[in-house]
Amino acid sequence: EIAAGHWQGGERIPTEAELARTMGMAVGTVRKALAELSRRGLLERRHGSGTYVRQAPDSPTTAGKNHRRSVYDFFRLELDGGGGLPTATLLDFRVVPKPAAQPAMGGASSRHWYRVRRLRWLNDVPAALEEIWFDTRHRKGLKPAQLSEALYLFYKESLGFWIARVEDQVSVGAVPDWVPPQFPMAVGEACGVVRRQSWSGADQLEEISVTWFNPASARYAARWR
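### With respect to unusual backbone geometry
Even without being glycine, asparagine 123 reaches a positive phi, approximately 55°. Positionally, asparagine 123 belongs in the loop between strand 5 (112-122) and strand 6 (125-135). Phi at aspartate 203 takes a positive value of approximately 60°, unusual for a residue other than glycine. As for its placement among the helices and strands, aspartate 203 is situated in the loop between strand 8 (190-200) and strand 9 (205-213).

Listed below in structure tokens is the structure:
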């Protein structure tokens, strides 16, 4: 959660009881894990307040540049009751011709994009379908095994750019025809849709995505701080 940016520096994490319930673990096991993360300097406990992700100080090269900001600063898909550990099952990854209706990425006229299709889980709930496109100009010949579940972290560490700005459009749409059997909704059934465009710190469009989510189990949440 911390490495992928789901929990940000300075953010209070769920209580031991909540973590034990959502992760299906004993409270004692969770307490030992939190103690170990505290020992490693990733968490800090504040008496009477709770446990927080330790805020790393800005370095001269990152101060003011939002380099540590994550997609989850802007957008969170969470269970209807709140929270939910996010994981993703990769369904398809391939190079496709750039869709004619989509704008060019990076200010360039690239003719091919990578397309990622995933099933998004929150805890053990299949909550959403994701279709994500990014430009092949950064690296040719990527293989599925090279991708990370946290794609924004993958962009930063493997492709050399960081997402700094996004625009989300939330609406109602229909479940796409590539829905896997694990998803509890049928092709064409009405669902929530989030359409996103993401720009790098260089103000270049770098990713376009669509997320179809099941409103019976998940919700879109945007939080600013």
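### Things to note about the nonpolar core
Judged by nonpolar contacts, the single largest core of 19 residues is most densely connected at Leu129, Trp133, Val175, Phe183 and Trp212. Breaking this core down by element, the ones donating at least two residues are strand 5, strand 6, strand 8 and strand 9. In terms of residue count, strand 9 provides more of this core than any other element does, 4 residues in total. In this structure leucine 129 touches Arg118, Leu119, Val175, Pro176, Trp178, Val179, Pro180, Phe183, Val210, Thr211 and Trp212, once residues within four positions along its chain are discounted.

### Some thoughts on the environment of histidine 138
By the secondary structure assignment, histidine 138 is in the loop between strand 6 and helix 4 (151-159). Along the chain, histidine 138 and glutamate 206 lie 68 residues apart, while their C-alpha atoms are 9.9 Å from each other. Contact partners of histidine 138, with chain neighbours within four places excluded, come to Leu159, Phe161 and Glu206. Of note is the side chain of histidine 138, whose polar atom sits 2.8 Å from the side chain of glutamate 206.

### What to know about the packing of helix 1 (residues 16-23) against helix 2 (residues 27-39)
Packing of helix 1 against helix 2 leaves a shortest axis separation of 9 Å and a crossing angle of 115°. Here helix 2 runs roughly perpendicular to helix 1, going by the angle between their axes. In this structure, helix 1 crosses over helix 2, and the sense of that crossing is right-handed. Contacts between helix 1 and helix 2 involve Glu16, Leu19 and Ala20 from the first element and Val27, Val30, Arg31 and Leu34 from the second.

### What about the pairing of strand 1 (residues 43-46)?
Along any regular strand, the residues point their side chains to alternate faces of the sheet. Here 4 bridges tie strand 1 to strand 2 (residues 50-53), and the two strands are oriented antiparallel to one another. From the neighbouring strand, glutamate 44 faces strand 2, where its bridge partner is tyrosine 52. Here strand 1 folds back onto strand 2, and the loop between the two strands holds 3 residues, one of which, glycine 48, carries a positive phi near 80°.

### Examining the pairing of strand 6
Judged by how many residues are buried, strand 6 sits mostly within the fold: 10 of 11 residues are covered. Pairing of strand 5 with strand 6 involves 10 bridges; the strand directions are antiparallel. Paired with tryptophan 121 across the bridge in strand 6 is proline 126. Taking the residues that link successive antiparallel strands as the turn, the strand 5-strand 6 hairpin has 2 residues, and the phi of asparagine 123 there is positive, at about 55°.

### Things to note about the side chain of glutamate 131
Residue position: glutamate 131 is located in strand 6. A polar contact is formed between the side chain of glutamate 131 and the side chain of arginine 117, at a distance of 2.5 Å. Setting aside its immediate chain neighbours within four residues, glutamate 131 contacts Arg115, Val116, Arg117, Trp178, Ile208, Ser209, Val210 and Trp212.

### Focus: helix 1
It helps to recall that an α-helix has 3.6 residues per turn; residues three or four apart then point in one direction. Turning to helix 1, its buried residues number three or more, namely Glu16, Leu19 and Ala20. What you see down the axis of helix 1 is that its buried residues fit within an arc of 100°, all on one side. The secondary structure elements touched by the buried residues of helix 1 are helix 2 and strand 1. Two residues or fewer past helix 1, glycine 24 is found with a positive phi of approximately 70°.

### Looking at the packing of aromatic side chains
This model, assessed by the stated rule, comprises 8 aromatic pairs. With centroids separated by 5.3 Å and ring planes inclined at 15°, the aromatic side chains of phenylalanine 93 and tyrosine 114 adopt a geometry described as stacked. Of this pair, phenylalanine 93 sits in strand 4 (residues 86-97) while tyrosine 114 sits in strand 5, and the two are 21 residues apart along the sequence. Classification of phenylalanine 93 as buried rests on a relative accessible area of 13%. According to the relative accessible area criterion, tyrosine 114 is buried, its value standing at 1%. Taken together, a centroid distance of 5.8 Å and an interplanar angle of 35° make the contact between tyrosine 152 and tyrosine 155 tilted. A residue pair is termed a helical-turn pair when its members lie 3 or 4 positions apart in one helix, as tyrosine 152 and tyrosine 155 do in helix 4 at 3 residues. Summarising the burial analysis for this pair, tyrosine 152 and tyrosine 155 share the class buried. Here the guanidinium or amino end of lysine 156 rests over the ring plane of tryptophan 162, the centre of that ring lying 5.8 Å away. For the cation-ring pair, arginine 165 lies above tryptophan 199, with the distance from its terminal atom to the ring centre recorded as 4.1 Å.

Cut-offs used in this document
Residues numbered from 1 in each chain as written. Predicted model: local features only at pLDDT ≥ 70, side-chain atom pairs only at ≥ 80, totals over all residues. Heavy atoms only, no water. Helix = DSSP H or I, 4+ residues; strand = E, 2+ residues; numbered from the N terminus. Core = buried A, V, L, I, M, F, W, Y, C linked by side-chain atoms within 4.5 Å. Buried < 20%, exposed > 50% of the residue type's maximum accessible area, 1.4 Å probe, protein only. Contact = heavy atoms within 4.5 Å. Polar contact = N/O pair within 3.5 Å; in protein donor to acceptor, adjacent residues only side chain to side chain. Axes fitted to C-alpha atoms, helices over the stretch in contact; angles between N-to-C directions. Parallel < 35°, antiparallel > 145°, perpendicular 65-115°, else oblique. Left-handed = near helix turned anticlockwise from the far one by under 90°. Pairing = 2+ DSSP bridges. Arc of directions from axis to C-beta. Phe/Tyr/Trp six-rings, centres within 6.5 Å; stacked < 30°, edge-to-face > 60°. Lys NZ or Arg CZ within 6 Å of the ring centre and 35° of its normal.

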